[in-house]
Amino acid sequence: MPSQATLDFDNVHLREASRHYGRRRALARTSLTFGRGEIVGLFGPNGAGKSTMLGLLSTTLHPTTGSVLFGDRPAADLGDDLRHRIGVLGHDLFLYGDLTARENLRFFGQLYELPNLDARVQVALDEARLVERADDRVSGYSRGLRQRLALERALLHDPRLVLLDEPFTGLDDDSAGFLAARLRRLRASGAIVLMATHDFDNAAGLVDRMVCLRNGRAREVAVDGRALRDRYRATMAEEWP
Amino acid sequence: MTLATRLVPLLAIATALMFAPAPFMIYGAPLESTMGVIQKIFYFHVPAATAAFMGAIVCGVASALFLWRRNRLADHFALSGAELAVLFGLIMLVTGPLWARKAWGIWWQWDVRLTTALVMWMVFVSYLLVRRFGGPGSEMMSAVVGVFGMALVPFVYISVNFWRTIHPTTNVVPSLPASMMWPFGWSMIAFTLLFTTLLLVRVRLETNRAMLEDAYVAMED
Amino acid sequence: MSVLRAALLIARKDLVVESRSRELAYTTLFFAVSCVLVFAFALIREGRALEDAAAGILWVAIAFSGTLALGRAFERERQAETLKALLLAPIEPSAVYLGKLTGLLILMIGVELIVVPVVGLLFDAPILRAPLLLAALLAAGTVGFAGVGTLFAAMLVRAHSRDVLLPVLLYPITVPVIIAGVRGTAAIFAAEPNLDVAGSWLSMLVFFDAVFVTLALWTFRPVMSD
């Protein structure tokens, strides 16, 4: 992977980025910068633009106007190799139900051309606490197990930019605690972590920044000692343009 | 589009002026000896087929431009071309069998021109169907259909050509007597003008609609 | 990573998935045999098939069952959004096209290995008269059909009413494949076989494949990026 060493970035910028589907505005002229060592929480009702923002940052969606910059370069300049540095946990988990956990991880690891793949897969299975069930088909897993595996699949290639859509869905308290610890370690290792969530309890104490979305508009809210849920309610009750 | 905007009224008037005397010219043309009055369908059928063909070419070329260059104006041309190909194609497919019934004794013949025309007409109908029912992103999908449809023409033509051809060939046209050539040429020009007018009007409608969408979206922003 | 290596990884993954569930293989095969049966009822008079019926029925069965397989194969990639995951991987998008196409070709050819003898048996068609030529016609026709179909099925994954739009788009565009396949096969099966005619249909199919697979590789990236 010669390109990986050269292709890296310390921050990601949305510059006046808009995305429309016909007349429906999914995201309107949003400018935000996310840097290394941050966990950013995206909060908002369904359809507010959280998934669209994650889509733009993952390069699967193109902005209708404005741009998305990785470091100081737009995605189009960086080519297919940029995706070596991006990890996505989608709402639909991106796992093959008829493959085992190990096979899922191996298949994607091969597509990402990871060295020492067997060892990495073993570490990932360890992280997901799935070692005993590693050779069972994923379709037999509970939602929580699948969620844990999907997260490790998204992180298998050590991405710089980590995009998580509702990562706490289906997790019990125990697993949610593990996930929070995992995300803190990611932050410590210098990843840029963005997470769309409804789960204020689990996000509390974890997120460094809070971005609220409504109707395609984004507004950053300072994170201080106060409860996230109250800050969110107060922000939503304000007048939005 | 400003030039086209100014051209449209002139084109519309020219088209109307061309179409007005056409029925009298066609009426005045001599009766063909074996076919009689049925032969006069020819003044309508051939220009309609030509216009359908032009629509298909416009759609194919514009689809390619939209697909690889993401040129929105090209997309408006592609959609308009496809609609006109379907419209004039329908005229062609209705008038053809009326003539064939008298000339060949059958409504339809699986010969190379008829089959190619039918298949191409279906391709452009499917272009409009995916556009209408495909949901978000259907512009791109229909552009693929337009490009594939254009690449398809020689293959359909060659593959159907193994069957016996009884459709009159294009060398009928130069052999026409002057008394038939005049109304025929007149009809061709009239249809071409009609095609151009409709194309420009339709593209302008589509462009205006896109501008309205943009304005709406900009206002929301 | 090279396009071919990524495509092989994806095709191999598809075969492993299919070997576990066998859903596509069984349903496609049974659907193809059902098609043969239905058309047999339509085209058999007094216990005998009409001339050329065997060739026509064979290709209709391939086209119909192929459409079913295409739809299901991409429905499977849609369920957990795994098609999106493939497009998120740092590989050329065309590798995804080639990988899915390879998997589908293996499946369709497997189905043909059973349907062709069934047609031979039921319609007394001489499938062993020119086995290599017949195999080449089937292979080239299947590549043409699946080559166009894989692109369409992939782009329709996000579309509304994709189930009905797939055949609506696919059948007009694959008319040359059906004509060439049917006429070439009929030339082999005929009472007075003409292998030269079958050969010229084969070259047309190969030419069709070259043009349309190239076009599909070219269009896959723009049509899959949103």
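Residues numbered from 1 in each chain as written. Chains lettered and ligands numbered in written order. Predicted model: local features only at pLDDT ≥ 70, side-chain atom pairs only at ≥ 80, totals over all residues.

Here we come to the overall build of chain B. Within chain B one finds seven helices and zero strands. Across chain B, helices and strands are ordered from the amino to the carboxyl terminus as α-α-α-α-α-α-α. Counting over 221 residues, chain B shows a buried share of 37%. Here the analysis covers contacts within chain B between residues at least 6 apart in sequence; of these, 79% occur between residues at least 24 apart. (Helix = DSSP H or I, 4+ residues; strand = E, 2+ residues; numbered from the N terminus. Buried ≥ 20, exposed ≤ 12 C-beta atoms within 10 Å, placed from the backbone. Contact = placed C-beta atoms within 7 Å.)

Right, let's talk about the overall build of chain C for a bit. If you tally the helices and strands in chain C, you get nine helices and two strands. The linear arrangement of helices and strands in chain C, starting from the amino end, is α-α-β-β-α-α-α-α-α-α-α. Here chain C has a C-alpha radius of gyration of 18 Å; the compact-globule value for 226 residues is 17 Å, and the two agree. C-alpha extents for chain C along the principal axes are approximately 55 × 30 × 30 Å. Of all 226 residues assigned to chain C, the portion counted as buried reaches 53%. At a minimum sequence separation of 6, the contacts of chain C that also span at least 24 residues come to 83%. (Rg over C-alpha atoms; globule rule 2.2 N^0.38 Å.)

The next point concerns the sheet that holds strand β8 (residues 192-196) of chain A. Residue and element names in this part refer to chain A. With respect to topology, six strands assemble into an open sheet ordered β6-β7-β8-β3-β9-β10, the strand pairing being mixed. Among the strands making up the open sheet, the edge pair consists of β6 (86-89) and β10 (217-221). With strand direction ignored, the average angle separating the axes of adjacent strands in the sheet is 20 degrees. In the sheet, strand β3 (residues 38-43) pairs with strand β9 (residues 209-214) via four bridges, with the strands oriented parallel. Looking across to β9, one finds that leucine 42 is bridged to valine 211. Contacting β3, β9 and β10, helix α9 (residues 228-237) crosses the sheet at an angle of about 35 degrees to β9. (Pairing = 2+ DSSP bridges. Axes fitted to C-alpha atoms, helices over the stretch in contact; angles between N-to-C directions.)

Contact residues are listed per partner, giving 26 residues for chain C and 27 residues for chain B. Among the secondary structure elements, those contributing two or more residues to the side of chain C that touches chain B are α6 (131-155), α7 (162-173), α8 (175-189) and α9 (195-224) of chain C. Looking at the side of chain C that touches chain B residue by residue, the classes come out as 20 nonpolar, three polar and three charged. (Nonpolar A, V, L, I, M, F, W, Y, C, P; charged D, E, K, R; others polar.)

All right, on to the environment of A:Leu27 then. All names here are of chain A. As for its position among the elements, leucine 27 is in strand β2 (residues 24-35). Sequence separation between leucine 27 and threonine 52 is 25 residues; the distance between their C-alpha atoms is 6.8 Å. Excluding anything up to four places from it in sequence, leucine 27 contacts Ala17, Ser18, Arg19, Gly49, Thr52, Met53 and Gly216.

Residue and element names in this part refer to chain A. In spatial order, the strands read β2-β1-β4-β5; together these four strands make up an open sheet with antiparallel pairing. The open sheet has two edge strands with one neighbour each: β2 and β5 (73-74). Each of β1 (11-21), β2 and β4 (65-70) touches helix α2 (residues 50-57); the most contacted strand, β1, lies at about 120 degrees to it.

If pLDDT is low for a region, its predicted coordinates should not be looked at in detail. Confidence in the prediction for chain B averages 87 pLDDT; 93% of positions are at 70 or higher. Within chain B, the lowest mean pLDDT, 83, falls on helix α2 (residues 22-28) of chain B, and the highest, 94, falls on helix α3 (residues 42-69) of chain B. (pLDDT = per-residue confidence, 0-100.)

Right, let's talk about helix α2 (residues 23-43) of chain C for a bit. All names here are of chain C. The end-to-end C-alpha distance of α2, which contains 21 residues, comes to 30 Å, matching closely the 30 Å that a straight helix rising 1.5 Å per residue would cover. Those residues of α2 not exposed but buried are Leu24, Thr28, Leu29, Ala32, Cys35 and Phe39. Take α2 and look down its axis: the buried residues cluster within an arc of 120 degrees, on one side only. Opposite the buried face of α2, by more than 90 degrees, sit the exposed residues Tyr26, Phe30 and Phe41. (Expected span 1.5 Å × (residues − 1). Arc of directions from axis to C-beta.)

It is worth spelling out unusual backbone geometry at this point. Among all residues except glycine, the phi angle is most often negative; among peptide bonds, the trans geometry is most common. Residues and elements named next belong to chain A. Positive phi outside glycine occurs at threonine 59, with the angle close to 70 degrees. When you line up the elements, threonine 59 lands in the loop between α2 and β4. Phi angles above zero are rare outside glycine, and asparagine 215 is one such case at about 55 degrees. You can see asparagine 215 is positioned in the loop between β9 and β10.

Further remarks concern the interface of chain A and chain B. Many analyses report the size of an interface as the accessible area lost when the parts associate. Contacts between the two partners involve eight residues from chain A, matched on the other side by six residues from chain B. When residues of the side of chain A that touches chain B are traced back to their parent elements, those giving at least two are β1 and β2 of chain A. Here the side of chain A that touches chain B is built from residues that sort into two nonpolar, three polar and three charged.

To continue, consider the nonpolar core. Considering soluble globular proteins, one finds that nonpolar side chains tend to be buried as a cluster. Counting 212 residues, the largest nonpolar core has B:Phe124, B:Val144 and C:Leu58 as the members making the most contacts within it. With 14 residues, the single largest contributor to this core is α3(B). Setting aside residues up to four positions removed in sequence, C:Leu58 forms contacts with C:Val115, C:Val116, C:Val119 and C:Thr185. (Core = buried A, V, L, I, M, F, W, Y, C linked by C-beta atoms within 7 Å.)

The next thing to look at is the pairing of β3(A). Looking at chain direction, β3(A) and β8(A) are connected through five bridges and run parallel. Across the sheet, the residue bridging to A:Ile39 is A:Val193, located in β8(A).

Turning to the environment of C:Leu122, a few remarks are in order. Residues and elements named next belong to chain C. With respect to the helices and strands, leucine 122 occurs in helix α5 (residues 93-123). Since 16 C-beta atoms lie within 10 Å of it, leucine 122 is described here as partly exposed. Put simply, leucine 122 and leucine 37 are 85 residues apart on the chain and 9.3 Å apart in space, counted from C-alpha to C-alpha. Setting aside residues up to four positions removed in sequence, leucine 122 forms contacts with Val36 and Ala40.

A residue-level look at chain C finds 100% of positions with pLDDT of 70 or above and a mean pLDDT of 93. If you check the scores for this complex, the pTM reads 0.92 and the ipTM reads 0.92.

Two elements in contact, helix α5 (residues 112-133) of chain B and α7(C), have axes whose closest approach is 9 Å; the angle formed by their N-to-C orientations is 155 degrees. One element, α5(B), and the other, α7(C), form an angle in the roughly antiparallel class. Where α5(B) crosses over α7(C), the handedness of that crossing is left-handed. Taken together, the residues of α7(C) that come into contact with α5(B) (itself represented by B:Val119, B:Met122, B:Val123, B:Ser126, B:Leu129, B:Val130 and B:Phe133) are C:Leu165, C:Val168, C:Leu169, C:Pro172 and C:Ile173. Residues belonging to the contact of α5(B) with α7(C) are distributed by class as follows: 11 nonpolar, one polar and no charged. (Parallel < 35°, antiparallel > 145°, perpendicular 65-115°, else oblique. Left-handed = near helix turned anticlockwise from the far one by under 90°.)

Below, the discussion takes up α7(C). Here α7(C) contains 12 residues, and its C-alpha end-to-end distance of 17 Å stays within 8% of the 16 Å for a straight helix at 1.5 Å per residue. Within the span of α7(C), buried status applies to C:Arg162, C:Leu165, C:Leu166, C:Leu169, C:Leu170, C:Pro172 and C:Ile173. Residues of α7(C) that are buried make contact with α5 and α6 (138-160) of chain B together with α3 (53-79), α6 and α8 of chain C.

With that out of the way, let us pick up the pairing of β9(A). Residue and element names in this part refer to chain A. Where β9 meets β10, five bridges bridge the pair, whose relative direction is antiparallel. When the bridges of β10 are listed, leucine 213 appears paired with alanine 218. What sits between the antiparallel neighbours β9 and β10 is a turn of two residues, in which asparagine 215 has the positive phi angle 55 degrees.

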